[in-house]
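Analysis of the macromolecular model
As a plain string of letters, each chain reads:
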Amino acid sequence: MGQRGTTGATDGTAVTGATTEFEPDVMDLFVKTLRRAVGRELSSVGTDTLLGELVSGDTDAGETTAPGIRKAGSLSGSIAGRAGRGWVSDDEAPGAPTGAGAEAGPDAADAREVDAAWREARWRLGLGSRGPAADSGSALPGMSGAMRACLLLALRSARAEGTVSARCRHVARALLELPDTRAREALLLERLDVAAASSALDRLDARAATETEGPESRGVTLLRRAGTLGRSGNVLSRALTSWTSGSGVNGSPVLFAVSVEAARQAVRCGRAAVEPVDLLLGTSALDRALSVSGRSLPASLAEANAAAALMRRHGLRQDSLVSAASASAGPYAAAPDSGGVRPSAAAERAMARARLTAAEQGSPTVGTVHLLSALLHGTPTDADAGAGGPVTALLTAAGVDVAALRAEPSLRPGA
């Protein structure tokens, strides 16, 4: 049967210390918007392109913004016809920060999330491209000042609602509310009723508060399709997904799901390979994703995958961990725009040591506890030497009592 979390709402309202992030529905919107901008050879992605892709998609937020096929088609067609030209607005919202790190104070976390999400979108565009976007070698477009201001406003709207999940409806509201943008200009030119759209979004927000299922990250979707979180699909599809996600080696697909999240974390921090610190970030990210989706691992896997709970016991907050990791992230141009992000030799050694640790302990499955033990106690390479290595340094910067964490009985080598 499906495993549902017993603590925390499906929208992530009770996930203490979790990061406020754009969920997969918004990331898919970003990728479509980027693809459209590349196809039109735009120098930057503006709110007009974002709005056009929102209303031409199949989300409730898009339907609410431009109800009906005729209105949506007319709006998206009008935006496409201009191809970034012929607007009164330059899409640089007055006072909008235009560079990474331009925000400070309470908005700093939101600024980091906008930058990280944009890196991820560029990477996912490259993964899915088979044409010019993947092969031209030319730089992908950045975003306009108004686009950045819109995304920051969407994150603030999510937080004001009391959720850590920024969805397409939050982006739609930001597009409606932010003044002097090409998106607002397009809405006015098409005679769309902004007030009516805002009221419809209010109803969509109210409906979202009653939903019993939250958004799923790719890691959670993999676990569900493998049958780890309950039955999904038929027996053959579950068995195939479980086998291809490493159950034969690790005893369950959980570590594979961590590696999926770790690759995403590497990209979001601007790294071209998955490093041990990304495995740590991936462990925390999967924990957040399970909570946001309202799911939990079955009891048979809980003990071997309690790393996130152990880290929280000794002071970890996910937002502090991500903030500390983001401090060393480069500009989004440094992230790979195409191709897979593979584990480094150090990350592969950490995974191998986790398997060895599980075998030494007689555990039937290799879980996040064994991975965390490997990350904390593994022999550092020359590159990792100094201050206990990058993993220890990151945990320390995030406020974790590393000595107490290392002393946990389940994390001691050979425990």
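Above this text sits the structure in question.
For clarity, every value in this text was computed on a predicted model and none was experimentally measured.

About the cut-offs
Residues numbered from 1 in each chain as written. Predicted model: local features only at pLDDT ≥ 70, side-chain atom pairs only at ≥ 80, totals over all residues. Heavy atoms only, no water. Helix = DSSP H or I, 4+ residues; strand = E, 2+ residues; numbered from the N terminus. Buried < 20%, exposed > 50% of the residue type's maximum accessible area, 1.4 Å probe, protein only. Contact = heavy atoms within 4.5 Å. Areas by Shrake-Rupley, 256 points an atom, 1.4 Å probe, with all protein chains shown as cover. Core = buried A, V, L, I, M, F, W, Y, C linked by side-chain atoms within 4.5 Å. Salt bridge = Lys/Arg side-chain N within 4 Å of Asp/Glu carboxyl O. Phe/Tyr/Trp six-rings, centres within 6.5 Å; stacked < 30°, edge-to-face > 60°. Lys NZ or Arg CZ within 6 Å of the ring centre and 35° of its normal. Axes fitted to C-alpha atoms, helices over the stretch in contact; angles between N-to-C directions. Parallel < 35°, antiparallel > 145°, perpendicular 65-115°, else oblique. Left-handed = near helix turned anticlockwise from the far one by under 90°. Nonpolar A, V, L, I, M, F, W, Y, C, P; charged D, E, K, R; others polar.

Looking only at helices and strands, the protein features 22 helices and four strands. Per-residue burial for the protein yields a buried fraction of 53% across its 415 residues. Excluding contacts between residues fewer than 6 apart, the proportion of contacts in the protein whose partners are at least 24 apart in sequence is 78%. Of the roughly 17800 Å² that the protein leaves accessible, carbon and sulfur atoms contribute 53%.

In terms of nonpolar packing, the biggest core is built from 53 residues, with Phe22, Phe30, Leu50, Leu51 and Leu75 touching the most fellow members. The set of elements that each furnish at least two residues to this core consists of α1 (24-39), α2 (47-56), α4 (69-82), α5 (108-128), α7 (145-161), α8 (168-177), α9 (182-189) and α10 (194-208). Contact partners of Leu50, with chain neighbours within four places excluded, come to Leu29, Phe30, Thr33, Met147, Cys150, Leu151, Val171 and Leu175. Residues Ala257, Val274, Leu281 and Leu297 belong to the second largest nonpolar core, which totals 51 residues.

Looking now at the pattern of salt bridges. With the rule as written, the count across this model stands at 24 salt bridges. For Glu21, the salt bridge is made with Arg264, and the minimal N-O distance between the two is 3.6 Å. Taken together, the positions of Glu21 in strand β1 (residues 21-22) and Arg264 in helix α14 (residues 254-268) put the pair 243 residues apart, joining distant regions of the chain. With respect to burial, Glu21 and Arg264 carry one shared label: buried. If you follow the salt bridges from partner to partner, you end up with Glu21, Glu113, Glu120, Arg124, Glu261, Arg264 and Arg268 in one network.

Right, let's talk about unusual backbone geometry for a bit. Most peptide bonds adopt trans geometry, and most residues besides glycine take a negative phi value. Residues other than glycine seldom take positive phi values, yet Glu41 does so here, at roughly 55 degrees. Residue Glu41 is classed as exposed on the basis of its relative accessible area of 73%. Positive phi, normally seen in glycine, also occurs at Asp180, with a value near 60 degrees. By the secondary structure assignment, Asp180 is in the loop between α8 and α9.

Now for the packing of aromatic side chains. Tallied over the entire structure, the rule returns two aromatic pairs. Seen from their ring centres, Phe22 and Phe30 are 5.2 Å apart, and the 70 degrees between their planes marks the pair as edge-to-face. Assessed through its relative accessible area of 3%, Phe22 is described here as buried. Residue classification places Phe30 among the buried residues on the basis of a relative accessible area of 0%. Members of the aromatic cluster, connected to one another through ring pairs, are Phe22, Phe30 and Trp118. The ring of Trp87 is capped by Arg82, whose NZ or CZ atom sits 4.7 Å from the centre of that ring.

Quick look at the packing of α1 against α2 now. One can describe the packing of α1 onto α2 by two numbers: an axis separation of 9 Å at closest approach and a directional angle of 120 degrees. The pairing of α1 with α2 is recorded here as oblique in orientation. The handedness of the crossing between α1 and α2 is right-handed. Here α1 contributes Leu29, Phe30, Lys32, Thr33, Arg36 and Ala37 to the contact with α2, which in turn contributes Thr49, Leu50, Glu53 and Leu54. For the contact of α1 with α2, the residue count by class is five nonpolar, two polar and three charged.

Right, let's get into the packing of helix α15 (residues 276-293) against helix α20 (residues 368-377). Put simply, α15 and α20 touch, their axes get as near as 11 Å, and they point 145 degrees apart. As for the relative orientation of α15 and α20, their crossing is left-handed in sense. Note on element contacts: α20 touches α15 through Thr368, Leu371, Leu372 and Leu375, opposite Pro276, Leu279, Leu280 and Thr283. Looking at side-chain class alone, the contact of α15 with α20 contains six nonpolar, two polar and no charged residues.

Burial analysis of α20 places nine of its ten residues in the buried class, the great majority of the element. Those residues of α20 not exposed but buried are Thr368, Val369, His370, Leu371, Leu372, Ser373, Ala374, Leu375 and Leu376. Close packing links the buried residues of α20 with α14, α15, α17 (307-313), α19 (345-361), α21 (389-397) and α22 (402-406).

Once that is clear, we can look at the environment of Ser43. One can find Ser43 in the loop between α1 and β2 (44-45). Take Ser43: its relative accessible area is 70%, and that puts it in the exposed class. Taking the C-alpha atoms as reference points, Ser43 and Leu140, separated by 97 residues in sequence, lie 8.3 Å from one another. Every residue in contact with Ser43, bar those within four places of it in the chain, is listed here: Pro141 and Gly142.

So, about α2. Burial of α2 is extensive: nine of the ten residues sit out of reach of the surface. Those residues of α2 lying buried are Thr47, Asp48, Thr49, Leu50, Leu51, Gly52, Glu53, Leu54 and Val55.

Tracing the chain through its elements places Glu41 in the loop between α1 and β2. Along the sequence, Glu41 and Gly84 sit 43 residues apart, while their C-alpha atoms lie 9.3 Å from each other.

Relative to the elements of secondary structure, Gln318 occurs in helix α18 (residues 318-326). On the basis of relative accessible area, Gln318 is assigned to the buried category, the value being 9%. Ignoring sequence-local partners within four residues, the contact set of Gln318 consists of Gly17, Ala18, Thr19, Glu21, Ser284, Ala285 and Arg288.

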